[in-house]
Amino acid sequence: MSAPLWPAGLEPHRASVSVRNEARVALAPEAVWERLVDATAWPSWYANAQRVVLDGQARLGPGVRFRWTTLHVRVTCVVDRWEPHRVLGWTGHALGSSGHHRWILTAVPGGTRVVTEETQTGLLPRLSSRWLSRSLRHWHQRWIEGIAP
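Nothing here was measured: the structure is a model prediction, and the numbers come from that model.

Concerning helix 1 (residues 29-37)
- Among all positions in helix 1, only Pro29, Val32, Trp33, Leu36 and Val37 are buried. All buried residues of helix 1 lie within an arc of 125 degrees about the axis, which places them on one face of the element.

Description of unusual backbone geometry
- Residues other than glycine seldom take positive phi values, yet Arg51 does so here, at roughly 50 degrees.
- For Arg51, a relative accessible area of 57% gives the class exposed.

Some words on the side chain of Thr70
- With respect to the helices, strands and loops of the structure, Thr70 is situated in strand 3 (residues 65-70).
- For Thr70, the contacting residues outside a window of four places in its chain are Asn48 and Val75.

Notes on the pattern of salt bridges
- Using the criterion set out here, one finds 10 salt bridges in the structure.
- The partner of Arg14 in a salt bridge is Glu11, and the shortest N-O contact between them spans 3.8 Å.
- We note a salt bridge from Asp80 to Arg81, for which the minimum N-O separation is 4.0 Å.
- Relative accessible area serves as the criterion here: at 32%, Asp80 is assigned to the partly exposed category.

Cut-offs used in this document
Residues numbered from 1 in each chain as written. Predicted model: local features only at pLDDT ≥ 70, side-chain atom pairs only at ≥ 80, totals over all residues. Heavy atoms only, no water. Buried < 20%, exposed > 50% of the residue type's maximum accessible area, 1.4 Å probe, protein only. Helix = DSSP H or I, 4+ residues; strand = E, 2+ residues; numbered from the N terminus. Arc of directions from axis to C-beta. Contact = heavy atoms within 4.5 Å. Salt bridge = Lys/Arg side-chain N within 4 Å of Asp/Glu carboxyl O.

Below, the structure written as C-alpha cells:
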C-alpha cells in the first residue's frame, strides 16, 4: 500500500478491527477533500455522524482536535495525517478503545477513487470485533456514497 504509515500500535495487523472500503465518485479530488474537511457538515450527508465539534477551528486541518458521535459513541480525535487533496487521517479515543481512520484520494478519469480505512484496538473492539467490523464496513460505504451530492 502506498498510503502513509499507520500510527504505532494501530497497524492493521495489530488491530482487533481493521476495515477498508473503496469506491469511485464523480467528483475531483479537490471537491471530495472539501467535503471531508468540512466536518461540521458531515451530519447533513452522513447519517452516522452527529454532534461534530471542532476545537477552535471551522474546518479540519493538521493537528485539529474534534469530537463527534458515531455508532452512538462519543469519540475525541486529532488530525494526524494531512496531504491536501490526497490523504486525511485522524487518531481517536473512546470508551476503552483507540483507533485510526484515514481517507486516501486518487484522481481517476471522471472523478476520484476514494479509499477509507480504519483500525481499532482495545477491550471493546476486541470483544465486539465481528459486529464492529460489519457496522463500520456498512457505515463507511454509506459515508463514501454520501460524498457526491
